[in-house]
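Next come the chains, spelled out residue by residue.
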Amino acid sequence: MNEKRTFSISELAQEFDVTTRSIRFYEDQGLLRPRRRGQTRIFSTKDRVRLKLILRGKRMGFSLSDTKELFDLWDETLTGNEKQLLKMLEILGNRRAQLEQQKNDIAMAEMEMDTAEARCREALTELQKKKEAQGLDTRPAKTPAAETVDDR
């Protein structure tokens, strides 16, 4: 782990590839609590870990209010507690159910697209057969650029 005890907002932003505005937003939401020296924010290793957890939760689809609730439960004790663990399991279960629903929705959308694509291809084939039966040329028309290339 990093040996440094304090961090500036720009150091954290660079380390975690986020904007300073995002970090200030997380502070406004009560997720980070840097000390102040005048206008300068001084982030502790605890703030650094919290930022890492905020971003990890965000990648897993946690809301900021979920993350704040977990942090608040952790802050009630020195090492966390059963309430925090149960809340985490609840959030994970809810998020997993949402992802399963999204997977099902995507699979259904893909099936509908496959069906629509097949119908379009069938209709196109029928149109081409009708044109051929009428003696019409079904080849794509040459574009001026294609004629120039062909003429060389």
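Preceding this section is the structure that the text describes.
Since the structure is predicted, the reported quantities are computational estimates derived from the model, not experimental observations. (Residues numbered from 1 in each chain as written. Predicted model: local features only at pLDDT ≥ 70, side-chain atom pairs only at ≥ 80, totals over all residues. Heavy atoms only, no water.)

Visitor: Any chance you could explain the overall build of the protein here in plain terms?
Guide: Summing up its helical and strand segments, the protein has 6 helices and 3 strands in all. Helices (α) and strands (β) of the protein occur, in sequence order from the N terminus, as β-α-α-β-β-α-α-α-α. Going through the 152 residues of the protein one by one, you find that 22% of them count as buried. Considering only contacts in the protein between residues 6 or more positions apart, those separated by 24 or more positions represent 50%. About 11900 Å² of surface is accessible on the protein, with carbon and sulfur atoms providing 53% of the total. (Helix = DSSP H or I, 4+ residues; strand = E, 2+ residues; numbered from the N terminus. Buried < 20%, exposed > 50% of the residue type's maximum accessible area, 1.4 Å probe, protein only. Contact = heavy atoms within 4.5 Å. Areas by Shrake-Rupley, 256 points an atom, 1.4 Å probe, with all protein chains shown as cover.)

Visitor: I would appreciate a short explanation of the sheet that holds strand β1 (residues 6-7) in the present structure.
Guide: What holds strands together in a sheet is hydrogen bonding between their backbones, with the strands either parallel or antiparallel. Pairing is antiparallel in the open sheet, where 3 strands are placed in the order β1-β3-β2. For this open sheet the edge positions go to β1 and β2 (35-37), each flanked by a neighbour on one side alone. Pairing of β1 with strand β3 (residues 40-44), which is carried by 2 bridges, proceeds in the antiparallel orientation. The partner of Thr6 across the bridge, within β3, is Ser44. (Pairing = 2+ DSSP bridges.)

Visitor: What exactly am I supposed to notice about the environment of Glu15 here?
Guide: Topologically, Glu15 is positioned in helix α1 (residues 9-16). Spatially, the C-alpha atoms of Glu15 and Lys52 are 9.9 Å apart, while their sequence positions differ by 37 residues. At 2.5 Å, the side chain of Glu15 and the side chain of Arg48 are in polar contact. (Polar contact = N/O pair within 3.5 Å; in protein donor to acceptor, adjacent residues only side chain to side chain.)

Visitor: I keep staring at unusual backbone geometry and nothing clicks. Help me out?
Guide: At Asp17, a position not held by glycine, the phi torsion is positive, near 55°. Structurally, Asp17 is set in the loop between α1 and α2 (20-28). For Asp17, a relative accessible area of 71% translates into the label exposed.

Visitor: Help me out: how do you make sense of the environment of Phe7 in this one?
Guide: Assignment of secondary structure puts Phe7 in strand β1. For Phe7 and Ser44, which are 37 residues apart along the polypeptide, the C-alpha to C-alpha distance reads 6.3 Å.

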